[in-house]
Amino acid sequence: MAKARTQAQVKTPPKIKTLSKAPTGIAGLDELTRGGLPRGRPTLVSGRAGCGKSVLGLEFLVRGAAQFGEPGVIVSFEETVEELATNVASFGFDLDDLVAQGKLVLEFVSVERHEIEETGEYNLDGLFVRLAHAIESVGAKRVLLDTIESLFAGLTNLAILRAELRRLFRWLKSKGLTVIITGEQGEGTLTRQGLEEYVSDCVIALNVQLNHHVATRMMRVVKYRGSGHGSDEYPFIITEKGILVMPITSLGLAHAASTERISSGNPALDEMLGGEGYFRGSSVLVSGTSGTGKTSIAVYLVDAACRRGERCMYFAFEESPAQLLRNMRSIGLDLEPYVKKGLLRIEATRPSLFGLEMHLASSFRAIEEFDPAVVVVDPITDFVALGSSYEVRSMMTRLVDHLKSRGITALMTSLSAGRSVHSDDDVGISSLIDTWVLVQLIEVAGERNRGVSVLKSRGMAHSNQIREFTLGPDGMKVIAAYRGPQGFLSGSARQAQQDADEVAGAKRGAR
């Protein structure tokens, strides 16, 4: 009995109610907001002209109607219905089709001062009636008001208008509608007319930063009542498919770690890497000064992967595809058949063509489409001119995390300045890298010869030697380390010492 009473007295802890969220369907934004915008509540999106406020609001409405079964009402105070449909068509959004399916309603509300005659106390009853009818006609769950601040330009009695806006927002909230309101940023304020005073549940601020003559759009969730969220500024871009937000914390360190090994393409280099090559899905950095053979080592990995029938993506920032193919033939590697078979895809652009975020987004999109097993970025140091060291590191961190999350083996080349082999020119990503291969020019007896060594390789035994290697019509040859009285020898000095040692050995044998 006592036991039964004890069990009966045990109370189940109450379930914690979490805030219901409406997914945006916008890449990266749902991660940033941990699920989407607050369902049944208003969200303010503020920013200056050209930041992407309207695009964000429209995409939220369109994706809600097309992907999540939530019809919507779009009310524009600046663009006509025809202008809206034309403008968003470039993002692949067919507003006319969604309207025909009864999933969207488009309303254009013209607010011109000369068209409005205020008599007595002005109110927004006309807007209420139009909204109510539009919402009921499709059973709307989402509403966009873009840009509602236009009302302030057309109406003179601001006190009454502010009171009416408060009533409008309370009315929308009482109906359980998820609303986006866009507003123009003021001087030192989120909006020119203080709309943030009325919309206190969620506020998203957009901005455009100009760095090295390249514009970068930035997003920050200023507040999100009842929910955690990313609070930093995050870069985003507007592509032909809509908005893409790329928070640096979106992937983290949850990727798997494969134990499979893949060849570097050169048996002697494999031997230096514990005898089996790189781990599949790992990140590899090949750094060195100009002319040391970084690209050649990268292409050896590509050649080995293509021989196994695996797809490879090569991002080239210094050579055209034709030039890369021609140059690799000089060391006995013919990549053209792999290109024709669809195993190798070479994406060649100048870094200065886009900003960092556009390069990252383009890389993500190309990787998503091609689904490669191996990705080469040659070289990463060309991005240094496009932003600060923090911004470049942030970009490379996201790229490395993205590739690891997909199990893709990544090899990146880095150009070191001058003769330094341990400089900051690897853009600070060496700590993110699993295997770091260093190539360098070694001056001995008036000659410059190439040397290769493995600075680190996580999870595997690896050589601590510097070995000479050569590049020629017969390919890449890594020569066993040879030391003389003066230490490491290469080139003709090595050959001379070898000859001398052989003669000395022969003399000792003759005795």
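Reading the values: rules and limits
Residues numbered from 1 in each chain as written. Predicted model: local features only at pLDDT ≥ 70, side-chain atom pairs only at ≥ 80, totals over all residues. Heavy atoms only, no water. Helix = DSSP H or I, 4+ residues; strand = E, 2+ residues; numbered from the N terminus. Buried < 20%, exposed > 50% of the residue type's maximum accessible area, 1.4 Å probe, protein only. Contact = heavy atoms within 4.5 Å. Phe/Tyr/Trp six-rings, centres within 6.5 Å; stacked < 30°, edge-to-face > 60°. Lys NZ or Arg CZ within 6 Å of the ring centre and 35° of its normal. Salt bridge = Lys/Arg side-chain N within 4 Å of Asp/Glu carboxyl O. Pairing = 2+ DSSP bridges. Core = buried A, V, L, I, M, F, W, Y, C linked by side-chain atoms within 4.5 Å. Expected span 1.5 Å × (residues − 1). 1 Å grid on protein atoms, 1.4 Å probe; cavity = no way out; pocket = protein on both sides within 12 Å on 5 of 7 lines; lining within 4 Å. Points joined across faces, edges and corners; volume = space filled by probe spheres on them. Nonpolar A, V, L, I, M, F, W, Y, C, P; charged D, E, K, R; others polar. Patch = residues over 30% accessible without salt bridge, like charges linked within 9 Å, V, L, I, M, F, W, Y side chains within 5 Å. Areas by Shrake-Rupley, 256 points an atom, 1.4 Å probe, with all protein chains shown as cover. Lys, Arg positive; Asp, Glu negative; His and termini not counted. Charge placed at Lys NZ, Arg CZ, Asp CG, Glu CD. Disulfide = S-S within 2.5 Å. Polar contact = N/O pair within 3.5 Å; in protein donor to acceptor, adjacent residues only side chain to side chain.

(A) Local environment of the overall build of the chain. Looking only at helices and strands, the chain has 15 helices and 24 strands in total. Counting the 511 residues in the chain, one finds 52% classified as buried. In the chain, the share of contacts with a sequence separation of at least 24, taken over all contacts with a separation of at least 6, comes to 69%.

(B) Structural view of the packing of aromatic side chains. Evaluation of the coordinates by the stated rule reveals three aromatic pairs. Ring geometry for Phe91 against Phe93: centres 6.1 Å apart, planes inclined by 50°, an arrangement best described as tilted. One cation-aromatic arrangement involves Arg167 over Phe128; the distance from NZ or CZ to the ring centre is 4.4 Å. For the cation-ring pair, Arg261 lies above Phe279, with the distance from its terminal atom to the ring centre recorded as 4.8 Å.

(C) View of the environment of Phe77. In this fold, Phe77 is placed in the loop between β4 (72-76) and α4 (81-89). Sequence-wise, Phe77 and Leu151 are 74 residues apart; in three dimensions their C-alpha atoms are separated by 7.9 Å.

(D) Structural context of unusual backbone geometry. Here the amide bond leading from Asp146 into Thr147 is cis, since omega sits at -20°, within 30 degrees of zero. Mapped onto the elements of the fold, Thr147 is located in the loop between β6 (142-146) and α7 (150-154). Residue Pro379 is bonded to the preceding Asp378 through a cis peptide linkage, with omega at -10°. For Asp371, which is not glycine, the phi torsion reads 55° and is therefore positive. With respect to the secondary-structure elements, Asp371 resides in the loop between α13 (356-370) and β17 (374-378).

(E) Representation of the pattern of salt bridges in the model. Considering all chains together, one arrives at 23 salt bridges under this definition. In this structure, Lys340 engages Glu336 in a salt bridge whose closest nitrogen and oxygen atoms are separated by 3.9 Å. Taken together, the residues span about one helical turn, with Lys340 and Glu336 both in helix α12 (residues 336-341) at a distance of four residues. Here Glu336 falls in the partly exposed class, since its relative accessible area comes to 30%. Linked by salt bridges that have partners in common, Glu260, Arg280, Arg308 and Glu310 make up one network.

(F) Layout of the environment of Val478. Within the element layout of this structure, Val478 appears in strand β22 (residues 475-478). Given a relative accessible area of 15%, Val478 falls into the buried group. Each C-alpha atom of the pair Val478 and Gly451 lies 8.7 Å from the other, and the pair is 27 residues apart in sequence. If sequence neighbours within four positions are ignored, Val478 has contacts with Asn266, Ala268, Leu269, Met272, Val452, Arg467, Glu468 and Phe469.

(G) Main features of the pairing of strand β10 (residues 234-239). Of all six residues that make up β10, five are buried, and the element is covered over most of its length. Both β10 and strand β11 (residues 242-245) contribute to a ladder of four bridges, which runs antiparallel. From the neighbouring strand, Thr239 faces β11, where its bridge partner is Gly242. Hairpin connection of β10 to β11: two residues between the antiparallel strands.

(H) Representation of the pairing of β6 within the structure. Across the five residues of β6, five count as buried, placing the element largely inside the fold. Pairing of β4 with β6 involves five bridges; the strand directions are parallel. Along β6, the bridge assignment pairs Ser76 with Asp146.

(I) Quick peek at the nonpolar core. Grouped together as the largest cluster of nonpolar side chains are 41 residues, with contacts concentrated most on Tyr278, Tyr314, Leu344, Leu411 and Val452. Leaving out residues up to four positions away in the same chain, Leu344 has contacts with Val302, Cys306, Cys312, Tyr314, Leu335, Tyr338, Val339 and Phe370. Val55, Leu104, Ile204 and Ile243 belong to the second largest nonpolar core, which has 36 residues in total.

(J) Representation of helix α14 (residues 389-405). Taking 1.5 Å per residue, 17 residues should reach 24 Å; α14 reaches 24 Å between its end C-alpha atoms and fits that length. Among the 17 residues that make up α14, 12 are buried, leaving the element largely enclosed by the rest of the structure. Within α14, the full set of buried residues consists of Val392, Ser394, Met395, Met396, Thr397, Arg398, Leu399, Val400, Asp401, His402, Leu403 and Lys404. Tucked inside the fold, the buried residues of α14 contact β10, β14 (283-288), α13, β17 and β18 (409-415). Of the residues flanking the end of α14, it is Gly407, one or two places downstream, whose phi is positive at about 70°.

(K) Empty space enclosed by the protein, seen in detail. Tallied over the full model, the rule gives two cavities of 30 Å³ or more. Approximately 40 Å³ is the volume attributed to the largest cavity. A breakdown of the residues in the lining of the largest cavity according to their chemical character gives six nonpolar, one polar and no charged.

(L) Expanded view of a negative patch on the surface. On the surface, Glu82, Glu83, Asp94, Asp96 and Asp97 cluster together to form a negatively charged patch. Every element with two or more residues in the negative patch is listed here: α4 and α5 (95-100). Note that Asp94 resides in the loop between α4 and α5. Here Asp94 falls in the partly exposed class, since its relative accessible area comes to 46%.

(M) A look at the state of the cysteines. Under the defined criterion, the tally for this structure stands at zero disulfides. Unpaired in terms of disulfides, Cys312 finds its nearest cysteine sulfur in Cys306, a separation of 3.9 Å. Residue Cys312 is classed as buried on the basis of its relative accessible area, which comes to 0%.

(N) Quick peek at the side chain of Ser283. Structurally, Ser283 is set in strand β14. We classify Ser283 as buried; its relative accessible area is 2%. A distance of 3.3 Å separates the side chain of Ser283 from the backbone oxygen of Leu432, its partner in a polar contact. Apart from the residues lying within four places of it in its own chain, the contact partners of Ser283 are Val400, Lys404, Ala410, Leu432, Ile433, Asp434 and Thr435.

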